[in-house]
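# Inside the fold
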Amino acid sequence: MITKNAHQYLSTWSMHDQHVIIMSWFDRWLLHDPNMKLRTTHPPFLAAVERYFDRLFPILAPLQVSYGGPIIAFQVENEYTAYGNDSAYMQAVHDMMRQRGVVELLVTSDAGGLTDAASFLPPEVLLTVNFQSNPKKSLTSLQNVQPNKPLMVMEYWTGWFHHWNEPAPERSLNAAEAAEGLKTILSMKSSFNLYMFHGGTNFGFMNGANEDHQHSYLPTVTSYDYDAPLTEAGDVTDKYRMLREVIINNAPSSSVPNPLPDIPPDLPKAGYGVIDFSLYIPIVDTLNYLPEPVSLKYPVPMEMLPVNHGSGQSYGFIMYRTLVGNEAKEVTISKMKDHGVAMLNFAPIAKLTWFAKQSFLLPVVKDNSDQQVLDILVENCGRINYAKELESRKGILGEVLIDGIQHLSWKAYSMEFKYSFMTSIEGGGLWKRTPPPGNPGPALYKTSFIIKSHPQDTFADVTGWSKGVLFVNGVNVGRYWSVGPQKSLYIPAPLLRRGPNTLMIFEQHMPRTPQTITLHDLPNT
């Protein structure tokens with residue numbers, strides 16, 4: 001897949017006479033090693049980087065501009081000063097890239113700590129800068145630490161992203177501010193990238209997260225609209241038009257086509273109305289569609305499960321199941337990430353969140369059985385992708401105590417909501433009509449609707465639902481959460497079909513009453 005996808009993608013850029021700067025990332029499977037130390041000279045980490053590079057650079061090296069391809073530069077690291085200052089690590093990555101045929105420019109980018117970055121970078125690596133405001137100050141600082149090298153803004157932040165349960169970001173730029181900043185960048189003869197030009201959507205479980213200065217966990221919302229020049233759906237904004245004019249009037253004439261092509265029209269959108277979810281299935285009734293559970297002495301994080309060919313679980317949910325005696329009164333989880341639901345005999349009894357330690361009481365059960373089924377469903381709400389907490393694992397990370405005593409003997413179900421699982425459950429699940437009164441707990445809800453003409457982009461208003469995930473024809477289009485600020489999910493036309501379309505919602509808590517969503521031609525803001 002890496003060979004086919006990368007080559008096709010980069011060849012497309014080359015066909016349109018566009019240049020490419022290559023950046024890379026870290027995959028969560030590295031966290032299957034309990035001793036892994038990312039972004040260091042830790043031997044297992046460097047060995048993994050080498051194996052990855054051994055696959056990657058035979059594809060990329062022939063596509064460098066020196067050989068007629070589109071790649072003009074490679075980024076050695078990204079915002080590393082927010083994580084560390086290991087010159088041996090930076091040199092090691094630099095050397096691995098050169099040894100595998102990289103001949104183009106090598107760069108890094110940082111939002112701060114430029115003096116530190118310059119002190120531990122290999123001399124030939126170009127330091128670039130990321131910022132949103134005060135471009136003159138940032139570029140002057142960059143010029144001071146490398147006076148004989150060209151200036152480049154690797155990320156000019158045209159807006160900002162949202163986290164769940166927080167107001168609209170204060171760090172966004174209006175169109176005039178963004179245009180004025182770009183004018184200053186060009187006046188200082190600096191190259192630039194717009195981050196973001198088009199933000200798009202964190203489809204599936206691919207939203208990230210941050211940690212603030214108080215070490216609070218801040219998961220990112222599904223939309224990555226970013227207040228970018230193009231909207232989440234790719235529509236042109238006033239910010240786009242103003243930045244375009246700045247480039248026309250201030251960039252070197254040799255770098256701007258003359259004439260520029262016309263601005264294309266926005267893609268059409270459609271509202272398909274109110275959609276009623278008439279069927280549901282409790283999540284505990286879907287376990288037979290999953291692989292066999294993993295038997296454990298005690299709970300482990302999802303990354304440590306022996307699934308996915310031994311690489312652990314990446315995303316989604318993990319359900320821990322055990323039996324407890326009738327006399328059990330209190331459950332204490334010493335550490336858990338990120339969000340969850342506890343169920344006793346398949347009925348919800350507690351909401352769980354990412355506090356270091358939390359407890360909940362077990363209700364009294366009036367039946368003749370000696371043991372009860374305790375399920376703890378935990379959601380990976382998104383991986384921290386900046387600064388120090390990259391090695392954070394998901395699920396139950398510590399002991400589970402029953403009345404103060406560590407409880408042993410568990411089963412773990414890996415619930416990644418893969419396409420194969422969703423299509424199997426769609427056609428074969430024991431679907432029921434409207435759920436009973438009260439809180440049904442984690443459950444899937446299903447419906448279908450018909451599109452009579454060519455499908456168009458639409459927006460699913462999920463107001464009234466609590467917390468969960470929306471699937472369109474088996475594809476995960478992202479999370480929703482009643483805490484906001486996001487209220488609707490973008491559904492691009494290629495995910496829809498002319499004719500019948502199936503929608504499914506995995507709701508962790510309470511569904512909307514009535515159980516409907518509305519498909520609009522505009523997002524609910």
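Scroll up to find the structure.
Attention here is on the structure that accompanies the text.

### Here's the deal with the packing of helix α2 (residues 43-60) against helix α3 (residues 87-99)
Remark: α2 packs on α3, axes separated minimally by 10 Å, with the N-to-C direction vectors making an angle of 25°. Between α2 and α3, the crossing angle belongs to the class labelled roughly parallel. α2 and α3 meet at a crossing whose hand is right-handed. In contact with Phe45, Leu46, Val49, Glu50, Phe53 and Phe57 of α2, α3 contributes Tyr89, Ala92, Val93, Met96 and Met97. When the residues that make up the contact of α2 with α3 are grouped by side-chain class, the tally is ten nonpolar, no polar and one charged.

### Structural notes on the side chain of Thr447
Of note, Thr447 is situated in strand β24 (residues 443-451). In this structure the side chain of Thr447 is engaged in a polar contact, spanning 2.5 Å, whose partner is the backbone oxygen of Asp276. Among residues more than four places away in sequence, those in contact with Thr447 are Ile275, Asp276, Phe277, Ser278, Asn501, Thr502 and Leu503.

### Thoughts on the sheet that holds strand β17 (residues 358-361)
A sheet is described by the order of its strands in space; here four strands give the open sequence β17-β13-β21-β22, paired in antiparallel fashion. Looking at which strands have only one partner, the edges of the open sheet turn out to be β17 and β22 (405-406). Taken together, the four bridges between strand β13 (residues 330-333) and β17 define a ladder with antiparallel strand orientation. By the bridge assignment, Thr332 is partnered in β17 with Ser359.

### Quick notes on the sheet that holds strand β5 (residues 152-157)
The strand order across the open sheet formed by six strands is β1-β2-β3-β4-β5-β6, and the pairing between neighbours is parallel. Every interior strand has two partners, whereas the edge strands, β1 (20-22) and β6 (191-195), have only one. Neighbouring strand axes in the sheet, compared pairwise and without regard to direction, differ in orientation by 30° on average. Strand direction decides the pairing type here: β5 and β6, joined by four bridges, are parallel. Bridge pairing in β6 links Tyr156 to Leu194. Contacts from helix α5 (residues 135-145) reach β4 (126-131) and β5 within the one sheet, and its direction differs from that of β4 by about 165°.

### Thoughts on the packing of aromatic side chains
Inspection of every chain in the model, using the stated rule, returns 31 aromatic pairs. Centre to centre, the rings of Tyr52 and Phe53 are 6.0 Å apart; their planes meet at 40°, and the pair counts as tilted. On the numbers, 5.2 Å between centres and 65° between planes, the contact of Trp157 with Trp160 is edge-to-face. What makes Trp157 buried here is its relative accessible area of 9%. Pairwise contacts between aromatic rings join Trp157, Trp160, Phe161, Tyr195, Tyr224 and Tyr226 into one cluster. Directly above the ring of Tyr83 sits Arg39, whose terminal nitrogen or CZ lies 4.9 Å from the centroid. Lys467 extends its terminal NZ or CZ atom over the ring of Trp481, reaching a point 4.5 Å from the ring centre.

### Here's the deal with helix α6 (residues 175-187)
If you check α6, its first and last C-alpha atoms are 18 Å apart, about what 13 residues at 1.5 Å a residue would give, namely 18 Å. Burial in α6 covers these residues: Ala175, Ala178, Ala179, Gly181, Leu182, Ile185 and Leu186. The arc that holds every buried residue of α6, seen down its axis, measures 165°, which confines them to one face. In this fold, the buried residues of α6 make contact with β4, α5, β5, β6 and α7 (238-250). The N-capping residue of α6, defined by a side-chain oxygen 3.1 Å from the backbone nitrogen of Ala176, is Asn174. Two residues or fewer after α6 comes Lys189, characterised by a positive phi angle close to 60°.

Cut-offs used in this document
Residues numbered from 1 in each chain as written. Predicted model: local features only at pLDDT ≥ 70, side-chain atom pairs only at ≥ 80, totals over all residues. Heavy atoms only, no water. Axes fitted to C-alpha atoms, helices over the stretch in contact; angles between N-to-C directions. Helix = DSSP H or I, 4+ residues; strand = E, 2+ residues; numbered from the N terminus. Parallel < 35°, antiparallel > 145°, perpendicular 65-115°, else oblique. Left-handed = near helix turned anticlockwise from the far one by under 90°. Contact = heavy atoms within 4.5 Å. Nonpolar A, V, L, I, M, F, W, Y, C, P; charged D, E, K, R; others polar. Polar contact = N/O pair within 3.5 Å; in protein donor to acceptor, adjacent residues only side chain to side chain. Pairing = 2+ DSSP bridges. Phe/Tyr/Trp six-rings, centres within 6.5 Å; stacked < 30°, edge-to-face > 60°. Buried < 20%, exposed > 50% of the residue type's maximum accessible area, 1.4 Å probe, protein only. Lys NZ or Arg CZ within 6 Å of the ring centre and 35° of its normal. Expected span 1.5 Å × (residues − 1). Arc of directions from axis to C-beta.

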